[in-house]
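# Fold and geometry: a report
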Amino acid sequence: MTTTTTPTTTRGCDPATAVTRSLLGWGAVAGPFYVAVSLAQASTRDGFDLTRHPWSLLENGSLGWIQSVNFVLTGAMVAAFAVGLARAGAGRWAPRLLALYGAGLAAAGVFTADPMAGFPVGTPAGPAEAPSWHGTLHLAAGGIGFLAMIAACLVLGRRFAAGGRRGWALASRVTGVSFLAAFAGITTGSTAATLPFAAGVVLSFGWLTALAVDTYRNA
């Protein structure tokens, strides 16, 4: 007697699911990549002080192109993740907001920040006296991107709450509010806000990484 076996297609082998998971995977890579590259430069660039200098200033100097590329690549990875999130059924607004955040990061890499606060070495202390056009666009792109990230946290916090995922709802809201506070602090121009803002960036990317992993597992 001959037994005929009918091939079955598992969700993990489905081409559409494979593409979605591939896109979601970039969300898990983006944060660690950006933070690692930034900290590696911050610890090796002459004159850079983590307590006084925002990471954007690393775009200046002879090695500034490294941070510019870091911004662009990270932005592209976040945008790819946003596409994957949309494909995974995360609603309409969260993926769009995260795509805007990715675009803001990439634009911040194209339009470099102005030297200030003594970095690079030889730059006068204090804020840039006459902001350049590219420095102004850098700040605008970063501001729009950060606000989009904050909004995405809050939108997903509401979505998670509606779905009964209280832990994720709380984590998303805490991340959004904390990052908003850190962003508000850095807009004052006070050097005292530099470290809290850096912590806010790390926190938001940690949330993004965890979100990517969670969504990947459930895709």
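Residues numbered from 1 in each chain as written. Predicted model: local features only at pLDDT ≥ 70, side-chain atom pairs only at ≥ 80, totals over all residues. Heavy atoms only, no water.

## A word on a nonpolar patch on the surface
Stated formally: Patches here are clusters of residues that have more than 30% relative accessible area and form no salt bridge, with a 9 Å joining cutoff for like charges and a 5 Å cutoff for nonpolar side chains (Val, Leu, Ile, Met, Phe, Trp, Tyr). Areas reported here follow the Shrake-Rupley algorithm with a probe of radius 1.4 Å; residue values treat only the protein chains shown as occluding. A pair is scored as a salt bridge if a Lys or Arg side-chain nitrogen falls within 4 Å of a carboxyl oxygen belonging to Asp or Glu. Every helix listed is a DSSP run of H or I at least four residues long, and every strand listed is a run of E at least two residues long, numbered separately from the N terminus. Buried, partly exposed and exposed residues are distinguished by accessible area as a fraction of the type maximum, computed with a 1.4 Å probe on protein chains only: under 20%, between the cut-offs, and over 50%, respectively.
Together, Leu63, Trp65, Val69 and Leu73 give the surface a local cluster of nonpolar side chains, amounting to about 380 Å² of exposed area. Tracing the backbone shows Trp65 in helix α2 (residues 64–87). The class of Trp65 is exposed, set by a relative accessible area of 54%.

## What to know about the environment of Ala151
Along the polypeptide, Ala151 turns up in helix α4 (residues 133–162). Accessibility expressed as a relative area gives 26% for Ala151, which makes it partly exposed. Once the C-alpha coordinates of Ala151 and Trp93 are considered, the two residues, 58 residues apart in sequence, prove to be 9.2 Å apart.

## As for the packing of helix α5 (residues 166–186) against helix α6 (residues 194–218)
Just so we agree on the cut-off: The angle between two axes is taken between their N-to-C directions and runs from 0 to 180 degrees, where each axis is a line fitted to C-alpha atoms and a helix contributes only its stretch in contact. In these notes the angle categories are as follows: under 35 degrees is roughly parallel, over 145 is roughly antiparallel, 65 to 115 is roughly perpendicular, and the rest is oblique. Here is the rule for handedness: rotate from the far helix to the near one, and if that takes an anticlockwise turn smaller than a right angle the crossing is left-handed, while a clockwise turn gives right-handed. Here a residue-residue contact requires only that any non-hydrogen atoms of the pair lie within 4.5 Å. Nonpolar residues are Ala, Val, Leu, Ile, Met, Phe, Trp, Tyr, Cys and Pro. Charged residues are Asp, Glu, Lys and Arg, and all others, Gly as well, are polar.
Interaxial distance between α5 and α6 falls to 8 Å at its minimum, and their mutual angle equals 150 degrees. In this view, α5 runs roughly antiparallel relative to α6, as classed from their interaxial angle. The crossing of α5 and α6 is left-handed. Only Thr194, Pro196, Phe197, Gly200, Val201, Leu203, Ser204, Trp207, Ala210, Leu211 and Asp214 of α6 make contact with α5, whose side of the interface consists of Trp168, Ala171, Ser172, Thr175, Ser178, Phe179, Ala182, Phe183 and Ile186. Considered class by class, the residues forming the contact of α5 with α6 number 13 nonpolar, 6 polar and 1 charged.

## As for α4
What counts is decided by this rule: By definition here, a helix of n residues has an expected span of 1.5 Å times n minus one.
Its 30 residues give α4 an end-to-end C-alpha distance of 44 Å, which sits within 8% of 44 Å, the value for a rise of 1.5 Å per residue. Positioned one or two residues after α4, Gly164 has a phi angle of 80 degrees, which is positive.

## Observations regarding the packing of aromatic side chains
As a reminder of what qualifies: Aromatic rings from Phe, Tyr and Trp, taking only the six-membered ring of Trp, are treated as a pair when their centres fall within 6.5 Å; an angle between ring planes under 30 degrees marks them as stacked, one over 60 as edge-to-face, and anything in between as tilted.
Considering all chains together, one arrives at 12 aromatic pairs under this definition. Look at Phe48 and Phe119: their rings are 5.2 Å apart centre to centre, the planes differ by 85 degrees, and that puts the pair in the edge-to-face class. Placement of the pair is Phe48 in the loop between α1 (15–42) and α2 and Phe119 in the loop between α3 (93–110) and α4, with a sequence separation of 71 residues. Taking the centre distance of 6.1 Å and the plane angle of 75 degrees together, the rings of Phe111 and Trp133 count as edge-to-face.

Interpretation note: all reported values are geometric properties and have no functional meaning in isolation.
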